[in-house]
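Below are the chains, spelled out letter by letter.
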Amino acid sequence: GLRHWWVQRLTALALIPLTVWFVVSLISLVGVGHNAFVLWLANPINATAMILFLAIAFHHTQLGVQVVLEDYVTSLPIRTASIILVKLLCFGLSALGILSVLIVTFGV
């Protein structure tokens with residue numbers, strides 16, 4: 001309970017500057033071509049910030065959805081299955097996003 005609450009607050013706090021960076025970056029990239037985007041993402045600071053943003057955002061999302069499921073799904077088997085599904089989905093999407101950043105950035 002308490003650990004979950006603290007982690008959710010810490011991820012929210014970490015997302016504030018990362019979201020500002022992400023929105024400003026998206027605005028600055030409007031109208032640029034694919035090559036300009038790849039060069040932007042190849043910058044180690046931008047690649048690191050994008051990976052952090054993806055990992056923290058999906059973890060924060062998973063924590064928030066878990067709380068909603070725990071509060072509003074009364075059937076224990078459905079609640080448990082839903083929480084597992086959300087955790088797997090968020091982990092998978094986070095991994096896919098991070099792998100995509102690595103592929104675009106380093107041609108892995």
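Keep in mind it's a predicted model, so treat the numbers as computed, not measured. (Residues numbered from 1 in each chain as written. Predicted model: local features only at pLDDT ≥ 70, side-chain atom pairs only at ≥ 80, totals over all residues. Heavy atoms only, no water.)

> Any chance you could explain the overall build of the chain here in plain terms?
The helix and strand tally for the chain stands at four helices and zero strands. From first element to last, N terminus to C terminus, the chain shows the α and β order α-α-α-α. Whereas a compact globule of 108 residues would reach a radius of gyration of roughly 13 Å, the chain reaches 17 Å, over 25% beyond that. Taken along its principal axes, the extent of the C-alpha atoms in the chain is 50 × 25 × 25 Å. (Helix = DSSP H or I, 4+ residues; strand = E, 2+ residues; numbered from the N terminus. Rg over C-alpha atoms; globule rule 2.2 N^0.38 Å.)

> In this structure, what is going on with the nonpolar core? I would like to understand it.
Generally speaking, soluble globular proteins have nonpolar side chains that are buried together. L15, L18, W21, W40, L41, M50 and V101 are the most contacted members of the largest nonpolar core, which has 14 residues in total. The set of elements that each furnish at least two residues to this core consists of α1 (2–28), α2 (34–42) and α3 (44–72). (Core = buried A, V, L, I, M, F, W, Y, C linked by side-chain atoms within 4.5 Å. Buried < 20%, exposed > 50% of the residue type's maximum accessible area, 1.4 Å probe, protein only.)

> Explanation requested: the environment of W21 in the structure shown.
Within the element layout of this structure, W21 appears in helix α1. Distance from W21 to N46, taken between C-alpha atoms, is 9.2 Å for residues 25 residues apart in sequence. Excluding residues that lie within four positions of it along the chain, W21 makes contacts with W40, N46, A49 and M50. (Contact = heavy atoms within 4.5 Å.)

> Explanation requested: the packing of α1 against α3 in the structure shown.
Working note: a packed helix pair is described by the angle between its axes plus the distance between those axes. Contact pair α1 / α3: the axes reach a minimum separation of 9 Å and the direction vectors enclose 140°. Regarding the angle of α1 to α3, the classification is oblique. Judged by the sense of rotation from one axis to the other, the crossing of α1 with α3 is left-handed. (Axes fitted to C-alpha atoms, helices over the stretch in contact; angles between N-to-C directions. Parallel < 35°, antiparallel > 145°, perpendicular 65-115°, else oblique. Left-handed = near helix turned anticlockwise from the far one by under 90°.)

> Honestly, the environment of V67 in this entry has me stumped. Any pointers?
Of note, V67 is situated in helix α3. As for V67 and L96, which are separated by 29 residues in sequence, their C-alpha atoms are 24 Å apart. Filtering out sequence-adjacent residues up to four positions away, V67 remains in contact with H4 and Q8.

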